[in-house]
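# Observations on chain architecture
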Amino acid sequence: GAGVSQSPSNKVTEKGKDVELRCDPISGHTALYWYRQSLGQGLEFLIYFQGNSAPDKSGLPSDRFSAERTGGSVSTLTIQRTQQEDSAVYLCASSSPGNTIYFGEGSWLTVV
Amino acid sequence: EDKVVQSPLSLVVHEGDTVTLNCSYEVTNFRSLLWYKQEKKAPTFLFMLTSSGIEKKSGRLSSILDKKELFSILNITATQTGDSAVYLCAVTLTSGTYKYIFGTGTRLKVLA
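## Remarks on the interface of chain A and chain B
By a frequent convention, interface size equals the accessible area lost on bringing the separate parts together. Counting residues at the interface gives 23 residues for chain A and 17 residues for chain B. Around 1,700 Å² of area is buried between chain A and chain B when both sides are counted, 57% of it from carbon and sulfur atoms. Here chain A and chain B share 0 salt bridges between them. Scanning the region where chain A abuts chain B turns up 4 residue pairs in polar contact (both at pLDDT 80 or more). Secondary structure elements with two or more residues in the side of chain A that touches chain B: strand 4 (31-37) and strand 5 (44-50) of chain A.

## Quick notes on the packing of aromatic side chains
Per the stated rule, a full pass over the model turns up 12 aromatic pairs over all chains. Their ring planes at 85 degrees and their centres at 5.3 Å tell us that Tyr35(A) and Phe102(B) sit as a pair that is edge-to-face. Note that Tyr35(A) is positioned in strand 4 and Phe102(B) in strand 10 (residues 100-102), a pairing that runs across two chains. Of the two residues, Tyr35(A) and Phe102(B), neither departs from the other in class, the shared state being buried. Residues Tyr100(B) and Phe102(B) carry aromatic rings whose centres are separated by 6.4 Å and whose planes lie at 25 degrees to one another, so their mutual orientation is stacked. Residue Tyr100(B) shares its accessibility class with Phe102(B), and that shared class is buried. Taken together, the aromatic side chains of Tyr33(A), Tyr35(A), Phe45(A), Tyr48(A), Phe103(A), Tyr36(B), Phe45(B), Tyr100(B) and Phe102(B) make up a single cluster linked through ring pairs.

## Let's talk about the nonpolar core
All names here are of chain B. Within the largest apolar cluster, 24 residues are counted, with the highest numbers of intra-cluster contacts made by Tyr25, Leu33, Trp35 and Val91. Elements represented by at least two residues in this core include exactly strand 3 (19-26), strand 4 (30-38), strand 5 (44-49), strand 7 (61-66), strand 8 (71-76), strand 9 (85-93) and strand 11 (106-111). Here the element with the most residues in this core is strand 9; it accounts for 5 residues. Here Tyr25 is in contact with Lys3, Val4, Phe30, Leu33, Leu65, Asp66, Lys67, Leu70, Phe71 and Val91, once residues within four sequence places are set aside.

## Digging into the state of the cysteines
One pass over the full model with this rule turns up 2 disulfides over all chains. Disulfide pairing is shown between Cys23(A) and Cys92(A); the S-S distance is 1.9 Å. The sign of the -70 degrees torsion about the S-S bond sets the Cys23(A)-Cys92(A) disulfide as left-handed. Residue Cys23(A) is located in strand 3 (residues 19-24), and its partner Cys92(A) is located in strand 9 (residues 88-95); the two are separated by 69 residues in the primary sequence. Residues Cys23(A) and Cys92(A) agree in their burial class; the two are buried. Across the disulfide, Cys23(B) is cross-linked to Cys89(B) (sulfur-sulfur distance 1.9 Å). Residues Cys23(B) and Cys89(B) share a disulfide whose torsion about the S-S bond is about -65 degrees; that sign makes it left-handed. One end of the pair, Cys23(B), is in strand 3; the other, Cys89(B), is in strand 9, with 66 residues separating them in the sequence. The pair Cys23(B) / Cys89(B) is uniform in exposure class, with both members buried.

Procedures and definitions
Residues numbered from 1 in each chain as written. Chains lettered and ligands numbered in written order. Predicted model: local features only at pLDDT ≥ 70, side-chain atom pairs only at ≥ 80, totals over all residues. Heavy atoms only, no water. Contact = heavy atoms within 4.5 Å. Buried area = accessible area lost by both parts, 1.4 Å probe. Salt bridge = Lys/Arg side-chain N within 4 Å of Asp/Glu carboxyl O. Polar contact = N/O pair within 3.5 Å; in protein donor to acceptor, adjacent residues only side chain to side chain. Helix = DSSP H or I, 4+ residues; strand = E, 2+ residues; numbered from the N terminus. Phe/Tyr/Trp six-rings, centres within 6.5 Å; stacked < 30°, edge-to-face > 60°. Buried < 20%, exposed > 50% of the residue type's maximum accessible area, 1.4 Å probe, protein only. Core = buried A, V, L, I, M, F, W, Y, C linked by side-chain atoms within 4.5 Å. Disulfide = S-S within 2.5 Å.

Listed below in structure tokens is the structure:
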């Protein structure tokens, strides 16, 4: 597509429920990133994909967080048993390796 | 631990003023430094800097990198209300991952 597409744009969920956030990167971009941004904070790295593999998942904050990417394209970030501290904007970005990353509009998650 | 520090955290100026935003970094295996503008959700790319002393310029915005002193500045001249945003600095590494390490950002507000 023309840009990085994320869905849902907004999600309100109850504490303890699972959520899935989707990212559709720019066509042809093999690198895909997930970042998290809490209110008033900078961007926190979560995970990086090159193709379907994740050579760097060092930023996932706990085992409740997981991500996958299939077909070298769409990625899903799953948060199990959500907690209130998971409330944040989840930003996806993509790039050709070594080039500038381009961000999607983000998914705003609120856990109540 | 790799880190990127931006200053000031926030800044309020009047239209027409010139502002200088700072980004310092302490990382191993530096590859590049990037500036992004974040108005709502998605950060948008401004500049990528890899070499010291070479100014990048786009309209009223310019940026330069000092790899000896490990910092970069972003200048905005003749500020306008549309420049109000959070400006993010990020550093990339050469160590086998394309992870971007972001600072917490500088929140700029330009008053009419």
